[in-house]
Amino acid sequence: MKHTDIMRMEREKRRAEKKAERISKGGSETRSVKDYIDELHDLFFYDAAKIYNLADNVEIMELFEDMREEIPEKQWENVLKKAIRKSKVTQKDEACAELKSILDELG
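Below: a short report on this structure.

Some details on the overall build of the chain
In step 1: Check the secondary structure of the chain and you find 5 helices and 0 strands.
In step 2: Written out in order from the N terminus, the α and β elements of the chain read α-α-α-α-α.
In step 3: Since a compact globule built from 107 residues should have a radius of gyration of about 13 Å, the 14 Å found for the chain is in line with a globular shape.
In step 4: With 107 residues in all, the chain has 31% of them scored as buried.
In step 5: When contacts within the chain are restricted to residue pairs at least 6 apart in sequence, long-range pairs at least 24 apart make up 65% of them.
In step 6: Carbon together with sulfur atoms contributes 51% to the accessible area of the chain, which is approximately 7,100 Å² in total.
In step 7: On the chain, the mean spot of the 22 positive side-chain charges and the mean spot of the 25 negative ones are 3 Å from each other.

Regarding helix H2 (residues 33–43)
In step 1: Along H2, the residues classified as buried are Tyr36, Ile37, Asp38, Leu40, His41 and Leu43.
In step 2: In this structure, the buried residues of H2 make contact with helix H3 (58–70), helix H4 (76–87) and helix H5 (92–106).

Focus on the environment of glutamate 77
In step 1: In this fold, glutamate 77 is placed in helix H4.
In step 2: Distance in space between the C-alpha atoms of glutamate 77 and serine 32 is 14 Å, their sequence separation being 45 residues.

Reading guide: rules and limits
- Residues numbered from 1 in each chain as written.
- Predicted model: local features only at pLDDT ≥ 70, side-chain atom pairs only at ≥ 80, totals over all residues.
- Heavy atoms only, no water.
- Helix = DSSP H or I, 4+ residues; strand = E, 2+ residues; numbered from the N terminus.
- Rg over C-alpha atoms; globule rule 2.2 N^0.38 Å.
- Buried < 20%, exposed > 50% of the residue type's maximum accessible area, 1.4 Å probe, protein only.
- Contact = heavy atoms within 4.5 Å.
- Areas by Shrake-Rupley, 256 points an atom, 1.4 Å probe, with all protein chains shown as cover.
- Lys, Arg positive; Asp, Glu negative; His and termini not counted.
- Charge placed at Lys NZ, Arg CZ, Asp CG, Glu CD.

The analysis is restricted to geometry; functional conclusions fall outside its scope.
Structure follows, in structure tokens:
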């Protein structure tokens, strides 16, 4: 089995576990746009000026993969901008551009 196949299976397993946990807590099967905004914001590592861990964060990529499957494409940019705005960093445009490029790479 190839390394990429093993990694894909591990990601799918983690997604299934997260979904089961969400359902067991009384939530619905799918996440809302607000849920994605909150989860993305929670994954950020930032100070007052900049968000640092965007390019190399596997959890952000996994969240984007889930987001691409569960919410319409017209909402993706909304999720990115609101999560960045919630962090209150000064370099919003740079962070948004970097997140958009990561999201485009996954497609």
